[in-house]
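Breakdown of the fold
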Amino acid sequence: MVRNLILIFLSIVFLGCQESSDNKIAIVIHGGAGTIVKENITPELERSYFLKLEEAIRVGYEILKNGGSSKEAVEKTIHVMENSPLFNAGHGAVLTSDGTAELDASFMDGETLDAGAIAGVKNIKNPISAAIAVMEKSPYVLLSSNGAEQFASEVGLEIVPNSYFITERRKTQLKAIQNKNEVSFYDPYIKDSKYGTVGCVALDVNGNISAGTSTGGRSNKKWGRLGDVPIIGAGTYANNECCGISATGWGEFFIRNVVAYDIAALVNYKKLNIKEASKLALEKVKDLGGDGGVIVLDKNGDVSMDFNTAGMYRAYINNEGELTVKIYND
Ligand code: ASP
């Protein structure tokens, strides 16, 4: 009798283990794309990017490994990048023509197809959390400027002065652009580094895919300019049936090409794999005159990190727990 009970107990444990090892988890991130070439980046700065990308992705992977949701993994991973001055998101975001930081973010849940986004906000410390709160705690998908800020404060998110986001690096960048009198992505740290938006896509043990993106938009932007990031389907999209996508690049072209949804549609309807779909969608962006990159993660845990710029800050951890971190086109 005791022996039988032990056998039953052991087979339950074994079946449980088997089930969880069959379920794939994976996570992929980007920290922006652009003319990122080794000659233009110091070894110290290169190391800082590698370390921060690794730190961020490990936060999300730990959550997934412990059975946490892809939503939490995406949110906490993006927090690390929003809180770092290295990227164009949160602290260290690029500045508008008035010298302020105006942030956009979005999130999509691939299981329910629920989504949330905020645009043109100046005081929410972690915009990705506000995007998730819009999805979960409001009847809306997209809230902007003052309304979004009031909402974020009412739901208890951390509010900071706009000066929290502003760094010397971005002030120098803005001055250089304004002297040349153009709207640009010029970055004094890395010549022409262009786009520094951050994004994350994760697949959890329950097969749920989530995608999130957070940005300061374009340097020297004017008149309440919004990019692709807060537009669901342009900069961010997720659907468990196929894949999750987060984009970085020249937002106007990503909106016009509905890039994130385009990739999902190519996978869903045309049965392309995520690499073929990303390539095609980025070719369409290029044909119109734009550039940038995308990260895509599908329901099997396969990853694509494609771009038509010289480089893209990016990393992924696959189902075996293997980490890859890359910056250049290699
Ligand atoms: N896509 C962003 C925008 O246009 C910029 C970026 O990716 O860095 O707002």
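One open sheet accounts for 8 strands, arranged β4-β3-β2-β6-β5-β1-β11-β12; its pairing is mixed. Each of the sheet's edge strands pairs with one partner strand only, and the pair in question is β4 (142–144) and β12 (323–326). Sheet twist, expressed as the mean angle between neighbouring strand axes with direction ignored, is 10°. The pairing of strand β2 (residues 103–109) with strand β3 (residues 115–121) spans 5 bridges and is antiparallel. Its bridge partner lying in β3, Phe-107 is registered against Gly-116.

Let's shift gears to the site of the ligand. Taken together, Asn-88, Tyr-195, Gly-196, Thr-197, Gly-217, Arg-225, Gly-227, Asp-228, Thr-248, Gly-249 and Gly-251 make up the full set of residues near the ligand. A distance of 3.1 Å is found between an oxygen atom of the ligand and a backbone nitrogen or oxygen belonging to Gly-196. A distance of 2.7 Å is found between a nitrogen atom of the ligand and a side-chain nitrogen or oxygen belonging to Asp-228. When the ligand sits alone it has 270 Å² of accessible area, and the protein chains cover 100% of it. Its atoms largely coinciding with the cavity grid, the ligand occupies the second largest cavity. Residue classes in the shell around the ligand are distributed as 1 nonpolar, 8 polar and 2 charged.

Counted according to the given criterion, the structure contains 6 aromatic pairs. With centroids separated by 5.6 Å and ring planes inclined at 75°, the aromatic side chains of Tyr-49 and Phe-87 adopt a geometry described as edge-to-face. With Tyr-49 in helix α2 (residues 43–65) and Phe-87 in the loop between α3 (70–82) and β2, the pair connects residues that are 38 residues apart, well separated along the chain. Taken together, a centroid distance of 5.1 Å and an interplanar angle of 75° make the contact between Tyr-164 and Phe-165 edge-to-face. Joined through ring pairs, the aromatic side chains of Tyr-49, Phe-87 and Tyr-313 make up one cluster.

The subject of this paragraph is empty space enclosed by the protein. Per the counting criterion, the structure on display carries 2 cavities of 30 Å³ or more. In this structure, the second largest cavity spans a volume of roughly 80 Å³. As for the second largest cavity, its lining consists of 15 residues, of which Thr-197, Thr-215, Gly-217, Asp-228 and Gly-249 are closest to the centre. The class makeup of the residues in the lining of the second largest cavity is 3 nonpolar, 8 polar and 4 charged.

Take unusual backbone geometry next. For Val-258, which is not glycine, the phi torsion reads 45° and is therefore positive. Among the structural elements, Val-258 can be located in the loop between α7 (251–256) and α8 (259–268). The exposure class of Val-258 is partly exposed, given its relative accessible area of 38%. In this model, Lys-271 sits at a positive phi of 60°, which is unusual for a non-glycine residue. Here Lys-271 shows up in the loop between α8 and α9 (274–288).

Ile-27, Ile-29 and Tyr-49 are the most contacted members of the largest nonpolar core, which totals 53 residues. Formed by 36 residues, the second largest nonpolar core is a distinct cluster that contains Ala-115, Phe-254, Val-259 and Val-267.

About the criteria used
- Residues numbered from 1 in each chain as written.
- Predicted model: local features only at pLDDT ≥ 70, side-chain atom pairs only at ≥ 80, totals over all residues.
- Heavy atoms only, no water.
- Pairing = 2+ DSSP bridges.
- Helix = DSSP H or I, 4+ residues; strand = E, 2+ residues; numbered from the N terminus.
- Axes fitted to C-alpha atoms, helices over the stretch in contact; angles between N-to-C directions.
- Near = heavy atom within 4 Å.
- Polar contact = N/O pair within 3.5 Å; in protein donor to acceptor, adjacent residues only side chain to side chain.
- Areas by Shrake-Rupley, 256 points an atom, 1.4 Å probe, with all protein chains shown as cover.
- 1 Å grid on protein atoms, 1.4 Å probe; cavity = no way out; pocket = protein on both sides within 12 Å on 5 of 7 lines; lining within 4 Å.
- Sits in = over half its atoms within 2 Å of the grid points.
- Nonpolar A, V, L, I, M, F, W, Y, C, P; charged D, E, K, R; others polar.
- Phe/Tyr/Trp six-rings, centres within 6.5 Å; stacked < 30°, edge-to-face > 60°.
- Points joined across faces, edges and corners; volume = space filled by probe spheres on them.
- Buried < 20%, exposed > 50% of the residue type's maximum accessible area, 1.4 Å probe, protein only.
- Core = buried A, V, L, I, M, F, W, Y, C linked by side-chain atoms within 4.5 Å.

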